[in-house]
Amino acid sequence: MIIQTQAIVLQIRPWSRTSHMVTWLTPEHGKIVTAVKGACRPKSAFLGQYDLFYTCDLLFYRREHDGVHAIRECAPLVLREPLRRAWRAAAAAAYLVDLTARVAFGHQDAAPLFELLTRTLDRLADAPPDAPRELILWYETHLLQRLGLLPDLTTCPYCHTPDRPWLRFSLPSGRFLCQHLAHGQPGEASLSLHRDVQALFRVLCQSAEPFPGAQVSADFASKKNHIQPNLILGLSRFLGMFIAFHLDVPSAVRRVTFEMLDTTPTQKPALLENS
Ligand SMILES: [Zn+2]
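In this text the structure is predicted, and so the values were computed from the model without any measurement.

Caption draft 1: Summary view of the overall build of the protein. The helix and strand inventory of the protein stands at seven helices and eight strands. A total of 275 residues make up the protein; the buried ones form 44% of that total. In the protein, 62% of the contacts between residues at least 6 apart in sequence involve partners at least 24 apart.

Have a look at this one:
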């Protein structure tokens, strides 16, 4: 069966001396992989037709069972050129497509995921933010939402009284530990979360536009003067642990990305971390 669809390039891997394996995200067919034979030959019809972060018009022969589909035609629709020049935005985009490639499946509807990735990559390309970390956190939050894995940060009126700024969050159950709901298992993975981080997470969840949208920043700023770096760090750590636990993705990719994007003067180069 031949299929025409829009598709975002998630990964390009070499395959033989002149060919590529290309991983795409499509709205109707989820994640697919196509072989592009002779992609690197000087006269290939595919030269310049796809690259990382492109959205393309793709025509391919679908194989019914999991496997590699055969590409027939491909033409770029959205190139997102600024990502070739703004390295911070490119590093953020590389992390987003890698994460998406790890959590998306084939042969299933991925329209919400496709729409989310499209909007976020567009935002990175059109207005490369100085600090793409917030945008990554926004993407991760809304990715979890679309996967049905959003942590539940509602508090219990009896256990989580306002005089307690730190709340204990259970990773396996995805909610705050509380005597009135399911009891935590002894030794289960948990972490402490500050109420201000919980509030920032709520803002992120409710923000429909890629964060930091002007309105969202203003809303949060009016309450907190400014978003304190330690709040962003707290939320980043929380989401990092939650994602590693529930999506089964390696944490190193995320850690290195955030180290690259760290603009504080005390940063350690990522490559020297273990020396
Ligand atoms: Zn309770």
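Next comes the rest of the write-up.
Caption draft 2: Local environment of the coordination of the zinc ion. At the metal site, the zinc ion is ligated by Cys156 (SG), Cys159 (SG), Cys178 (SG) and His180 (ND1), and these contacts range over 2.2 to 2.3 Å. Positions of the donor residues of the zinc ion along the chain correspond to the pattern C-x2-C-x18-C-x1-H. You can call Cys178 buried: its relative accessible area is 10%.

Caption draft 3: The sheet that holds strand S1 (residues 2-15), seen in detail. The five strands are arranged S1-S2-S3-S5-S4 in a closed barrel whose pairing can be described as mixed. For this sheet the average axis-to-axis angle between neighbouring strands, irrespective of direction, equals 50 degrees. Of the pairings in the sheet, the one linking S1 to strand S4 (residues 55-61) comprises seven bridges and is antiparallel in character. Bridge pairing in S4 links Thr5 to Leu58. Lying over the sheet, helix H1 (residues 87-103) contacts S1, strand S2 (19-26) and strand S3 (30-36), oriented at roughly 110 degrees with respect to S1. Across the sheet, helix H2 (residues 111-126) touches S1, S2, S4 and strand S5 (69-78), and the angle it forms with S1 is around 60 degrees.

Caption draft 4: Spotlight on the environment of Ile12. When you line up the elements, Ile12 lands in strand S1. Residue class for Ile12 comes out partly exposed when judged on its relative accessible area of 27%. In sequence terms Ile12 and Ala35 are 23 residues apart; their C-alpha atoms lie 9.9 Å from each other. Residues contacting Ile12, with those up to four places away along its chain left out, are His20, Met21, Val22, Tyr50, Asp51 and Leu52.

Caption draft 5: The arrangement of the nonpolar core in detail. Core analysis: the largest hydrophobic core is formed by 54 residues, its most contacted members being Leu25, Leu99, Leu117, Leu124, Leu235 and Phe238. Lining this core are residues from two domains, each supplying at least three of them: domain 1 (2-116) and domain 2 (129-272). Those residues within four positions of Phe238 in sequence are excluded, and the remaining contacts are Pro151, Leu153, Phe169, Leu191 and Leu193.

Caption draft 6: Spatial organisation of a nonpolar patch on the surface. Taken together, Trp87, Val256 and Met260 make up a surface patch of nonpolar side chains, about 280 Å² in accessible area. Following the sequence through the fold, Trp87 ends up in helix H1.

Caption draft 7: Main features of the confidence of the model for the protein. Averaged over every residue, the pLDDT of the protein is 88; the share at 70 or more is 87%. Between residues 271-275, whose pLDDT stays under 50, and residues either more than four places distant or in other chains, the model counts two contacts.

Caption draft 8: Region of interest: the packing of H2 against helix H3 (residues 133-146). Taken N-terminus to C-terminus, the directions of H2 and H3 make an angle of 175 degrees; their axes are 10 Å apart at the nearest point. Regarding the angle of H2 to H3, the classification is roughly antiparallel. Each of Pro112, Leu113, Glu115, Leu116, Leu117, Arg119, Thr120, Arg123 and Leu124 in H2 lies in contact with H3, whose residues at this interface are Leu135, Trp138, Tyr139, His142, Leu143 and Arg146. Counted by class, the contact of H2 with H3 contains nine nonpolar, two polar and four charged residues.

Caption draft 9: Just the packing of aromatic side chains, in detail. Scanning the entire structure with this criterion turns up six aromatic pairs. Here the aromatic residues Phe169, Phe176, Phe201, Phe238 and Phe242 are joined through ring pairs into a cluster of three or more.

Caption draft 10: Main features of the pairing of S4. Among the seven residues that make up S4, five are buried, leaving the element largely enclosed by the rest of the structure. Here S4 pairs with S5 via seven bridges, running antiparallel. Paired with Leu59 across the two strands is Glu73, which belongs to S5.

Caption draft 11: Structural context of the packing of H3 against helix H4 (residues 195-206). Running from N to C, H3 and H4 cross one another at 70 degrees; their axes reach a closest spacing of 9 Å. With respect to each other, H3 and H4 are oriented roughly perpendicular. Judged by residue contacts, Leu137, Trp138, Thr141, His142 and Gln145 of H3 engage Phe201, Leu204 and Cys205 from H4. Of the residues in the contact of H3 with H4, the class split is five nonpolar, three polar and no charged.

Caption draft 12: Expanded view of the side chain of Ser44. Within the fold, Ser44 resides in the loop between S3 and S4. Take Ser44: its relative accessible area is 14%, and that puts it in the buried class. In terms of polar contacts, Ser44 uses its side chain to reach the backbone carbonyl oxygen of Gly38, at 3.4 Å. Once residues lying within four places of it in the same chain are set aside, the contact partners of Ser44 are Gly38 and Ala39.

So, how was this worked out
- Residues numbered from 1 in each chain as written.
- Predicted model: local features only at pLDDT ≥ 70, side-chain atom pairs only at ≥ 80, totals over all residues.
- Heavy atoms only, no water.
- Helix = DSSP H or I, 4+ residues; strand = E, 2+ residues; numbered from the N terminus.
- Buried < 20%, exposed > 50% of the residue type's maximum accessible area, 1.4 Å probe, protein only.
- Contact = heavy atoms within 4.5 Å.
- Donors = N, O, S within 2.8 Å, 3.2 Å for Na, K, Ca; no water.
- Pairing = 2+ DSSP bridges.
- Axes fitted to C-alpha atoms, helices over the stretch in contact; angles between N-to-C directions.
- Core = buried A, V, L, I, M, F, W, Y, C linked by side-chain atoms within 4.5 Å.
- Domains from an automatic or database assignment.
- Patch = residues over 30% accessible without salt bridge, like charges linked within 9 Å, V, L, I, M, F, W, Y side chains within 5 Å.
- Areas by Shrake-Rupley, 256 points an atom, 1.4 Å probe, with all protein chains shown as cover.
- Salt bridge = Lys/Arg side-chain N within 4 Å of Asp/Glu carboxyl O.
- pLDDT = per-residue confidence, 0-100.
- Parallel < 35°, antiparallel > 145°, perpendicular 65-115°, else oblique.
- Nonpolar A, V, L, I, M, F, W, Y, C, P; charged D, E, K, R; others polar.
- Phe/Tyr/Trp six-rings, centres within 6.5 Å; stacked < 30°, edge-to-face > 60°.
- Polar contact = N/O pair within 3.5 Å; in protein donor to acceptor, adjacent residues only side chain to side chain.

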